[in-house]
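Chain and residue survey
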Amino acid sequence: MKQQSNEIDVFGGFGLGFRSAHYSDFLDAPEEERVPVDFLEVISENYMIDGGRQLRILEQARALYPVILHGVSMSIGSADGLNREYLTRLRALADRIEPLWVSDHLCWTRTSAHNSHDLLPMPLSEQALQVVCDNIDAAQEALGRAMLFENPSSYLTFPGDEMSEWEFLSEMARRTGCYLLLDVNNIYVSAQNHGFSAHDYLKGLPLDRVRQIHLAGHDPATPERDIIIDTHDREVCDDVWALYADAIAMLPGPVATMIERDDNIPPLSELLSELDRARGIARESLLEPA
Amino acid sequence: MSDTASDLAETQAAFMRAILDDGAPLPAGWGNRQAAGMAVYRGNYRSAVMDALASSFERTARYVGDDAFRQASMHHVISHPPSHWTIEAVGAGFDATCAELFGDNPEVAELAWLEWAMLEASSAADHEPLPAAEFAAASADFADDDWANLKLTFTPRSTARIVEHDLAGIWRSLDAESDNPAAPSEQGQRGVLVWREGETPTFLIIAPDNARAFMAMQNGASYGDLIGLLAGDNPDGEAIQNAAMKAGGMLGEWLNEGLVLAFET
């Protein structure tokens with residue numbers, strides 16, 4: 001096992017994504033009415049810029065809350081390796097913001113020529129695993145810290161797959177010392193799309209490496225389309241809440257839990273209500289931090 | 001690249017071709033299940049890049065209407081598939097796409113250029129412009145050669161160009177609260193200067209000569225070069241004196257607007 005760059009301490013709070021529709025709610029409330037979240041998660045790329053208002057807003061948020069940097073464009077599965085300019089900018093942002101941690105996805109987004117701006121699936125092969133691990137080693141070294149990687153939703157599997165996604169993630173974490181961000185909705189979506197058991201998935205993971213959970217909504221299958229699509233644009237459904245309860249009960253200790261809404265952003269009160277439901281489930285498992 | 005990475009690179013290249021191009025063959029060995037999944041990835045890709053363009057060019061979209069903007073966006077992403085890690089970068093060159101597609105309405109490309117320049121300015125590096133008084137004090141003892149060799153560094157991502165339409169009027173008419181996008185009114189050459197004032201991107205309509213002067217100095221021309229540019233060919237003494245006065249006025253304007261970051265002689 002490669003020596004990991006850093007340990008990531010357990011942080012058992014409840015948070016939300018920091019979206020522009022809610023900037024004022026988070027930043028302008030008087031101290032006694034501050035939004036009751038334990039952390040905010042931001043999309044790293046939105047702040048990997050030279051300067052301006054957007055960065056100032058992030059610094060204001062950071063002064064009030066712990067912040068997680070969650071990326072969508074590292075492309076950790078790219079056969080072409082990592083983009084040096086990207087890593088340099090992400091390192092600079094992390095040094096500036098001092099996040100709880102930095103995360104991205106187990107996926108690839110680009111080739112040497114083009115960028116899909118979507119989280120594309122990895123072939124689940126030993127070859128792909130080696131590429132991913134080499135890239136994670138390089139990323140963690142460039143950032144000077146261990147990272148979290150999230151399981152993506154996927155809509156196809158490759159004919160030559162040699163292992164399950166949970167086996168891939170487990171081996172990836174073992175070889176690189178990285179941690180896991182478990183998106184419970186993504187497990188549900190992929191399980192439905194590919195016909196595996198979400199519980200087998202959970203049972204097969206090294207749960208002591210999980211530091212964070214994402215909860216989100218998806219677009220159900222229709223008579224015309226038997227694929228569930230991960231949209232992150234609606235409330236968490238009951239099946240995903242049930243899977244979250246199972247996951248929380250299986251985890252060896254507290255983890256950070258977040259409601260992740262990327263589109264059709266509702267009033268903050270609706271997201272806080274969902275976050276309260278997550279708190280209640282965690283409390284029932286006696287895992288909520290004091 | 002190792003053999004391992006090379007095999008994966010081929011798989012990923014084929015996957016990417018299938019996303020970017022409906023007509024590209026699916027990778028060998030794929031069946032209906034993979035084809036259905038690929039349709040989802042294609043849809044995700046298209047909506048992501050189209051949404052990014054719509055977000056970056058809100059005014060251009062309002063000006064040409066949803067259908068025309070959607071067609072222009074599709075044309076742009078097909079001819080300029082994204083290559084950068086930040087999705088906003090897909091908007092680079094959209095003004096040229098608009099120039100190609102809206103040839104009968106050249107103000108569309110000018111408006112798209114202005115929106116892009118404002119967006120670029122918004123995330124420029126933070127900076128403190130050179131105070132006019134500081135420059136005045138430093139230049140009080142300039143010799144003639146110092147003035148001739150004077151070069152300016154402008155604030156990051158400030159830019160200028162010549163346009164042919166009333167962009168200020170069109171821009172105002174496309175404010176979110178306005179219901180009536182303006183038809184292009186008075187035509188005629190004018191300059192547009194774009195920069196960030198504090199945290200706010202801003203633009204100013206200026207004389208064409210001023211815009212040309214700004215662009216020349218941004219590209220490395222000296223103050224002496226600028227006076228020569230403004231004086232024209234074979235100038236007499238009076239023309240040179242007038243050009244020097246004009247250049248002085250421009251320099252004062254740039255300093256007062258907070259566009260100058262530094263100077264060297």
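Residue and element names in this part refer to chain B. One way to put it is that helix 5 (residues 94–101) packs onto helix 6 (residues 107–122) with a least axis distance of 8 Å and a crossing angle of 175°. When the interaxial angle is binned, helix 5 and helix 6 end up roughly antiparallel. Residues Phe-94, Asp-95, Cys-98 and Ala-99 of helix 5 lie in contact with helix 6, whose contacting residues are Val-108, Ala-109, Ala-112 and Trp-113. Its residues assigned to classes, the contact of helix 5 with helix 6 shows seven nonpolar, no polar and one charged.

Residues and elements named next belong to chain B. On the basis of which strands lie adjacent, the open sheet formed by three strands has the order 2-3-4 and antiparallel pairing. Taken across any chain shown, the strands that pair with only one partner, and hence form the sheet edges, are strand 2 (159–163) and strand 4 (200–206). On average, each strand axis in the sheet is inclined to that of its neighbour by 25°, with strand direction left out of account. As judged from the five bridges shared by strand 2 and strand 3 (residues 190–197), these two strands associate in the antiparallel manner. Bridging from a neighbouring strand, Arg-161 pairs with Val-192 of strand 3. Taken strand by strand, helix 10 (residues 208–218) contacts strand 2, strand 3 and strand 4, and its axis lies near 140° from that of strand 2.

Looking now at the pattern of salt bridges. Pairing between side chains becomes possible if they bear opposite charge and their charged atoms approach one another. Scanning the model with the defined rule gives 24 salt bridges over all chains in all. Put simply, Arg175(A) and Glu171(A) hold a salt bridge, and the shortest N to O gap is 2.9 Å. Of this pair, Arg175(A) and Glu171(A) are both found in helix 5 (residues 165–176), four residues apart, which corresponds to roughly one turn of the helix. For Arg46(B), the salt bridge is made with Asp22(B), and the minimal N-O distance between the two is 2.5 Å. Highlighted residues: Arg46(B) in helix 2 (residues 32–56) and Asp22(B) in the loop between helix 1 (3–20) and helix 2, separated in sequence by 24 residues. One salt-bridge network, held together by shared partners, links Asp50(A), Glu85(A), Arg89(A) and Arg157(B).

Contacts between chain A and chain B engage 48 residues on the former and 40 residues on the latter. Together, the buried faces of chain A and chain B total about 3600 Å²; carbon and sulfur atoms form 62% of this surface. The tally of links from chain A across to chain B stands at three salt bridges. Close ionic contact of Arg157(B) with Asp50(A) constitutes a salt bridge, the shortest N to O distance being 2.7 Å. Our count for the contact surface shared by chain A and chain B stands at 19 residue pairs in polar contact (both at pLDDT 80 or more). Listing elements by their share of the side of chain A that touches chain B, those giving two or more residues are helix 2 (53–64), helix 3 (84–97), strand 5 (108–110), strand 6 (115–120) and helix 4 (126–143) of chain A.

Residue and element names in this part refer to chain A. An order of 1-2-3-4-7-8-9-10 is seen for the eight strands of this closed barrel, with the pairing classed as parallel. Across the sheet, the mean angle from the axis of one strand to that of its neighbour is 25°, orientation sign disregarded. In the sheet, strand 9 (residues 210–215) pairs with strand 10 (residues 256–259) via four bridges, with the strands oriented parallel. Pairing of Ile-213 across the sheet is with Thr-257, part of strand 10. Packed onto the sheet, helix 6 (residues 184–194) meets strand 7 (148–150), strand 8 (179–183) and strand 9 and runs at close to 65° relative to strand 8.

Residues and elements named next belong to chain A. In terms of burial, strand 6 is a largely internal element, five of the six residues being buried. Bridge count for strand 5 against strand 6 is two bridges, and the pairing is antiparallel. Across the sheet, Arg-110 pairs through a bridge with Asn-115, a residue of strand 6. The turn joining strand 5 and strand 6, which pair antiparallel and follow one another in sequence, is formed by four residues.

As a further point, take the side chain of Ser73(A). Residue position: Ser73(A) is located in the loop between strand 3 (67–70) and helix 3. Ignoring anything within four residues of it in the chain, the contact list for Ser73(A) reads Glu45(A), Tyr86(A), Asp104(A), Thr109(A) and Trp85(B).

Cut-offs and rules
- Residues numbered from 1 in each chain as written.
- Chains lettered and ligands numbered in written order.
- Predicted model: local features only at pLDDT ≥ 70, side-chain atom pairs only at ≥ 80, totals over all residues.
- Heavy atoms only, no water.
- Axes fitted to C-alpha atoms, helices over the stretch in contact; angles between N-to-C directions.
- Helix = DSSP H or I, 4+ residues; strand = E, 2+ residues; numbered from the N terminus.
- Parallel < 35°, antiparallel > 145°, perpendicular 65-115°, else oblique.
- Contact = heavy atoms within 4.5 Å.
- Nonpolar A, V, L, I, M, F, W, Y, C, P; charged D, E, K, R; others polar.
- Pairing = 2+ DSSP bridges.
- Salt bridge = Lys/Arg side-chain N within 4 Å of Asp/Glu carboxyl O.
- Buried area = accessible area lost by both parts, 1.4 Å probe.
- Polar contact = N/O pair within 3.5 Å; in protein donor to acceptor, adjacent residues only side chain to side chain.
- Buried < 20%, exposed > 50% of the residue type's maximum accessible area, 1.4 Å probe, protein only.

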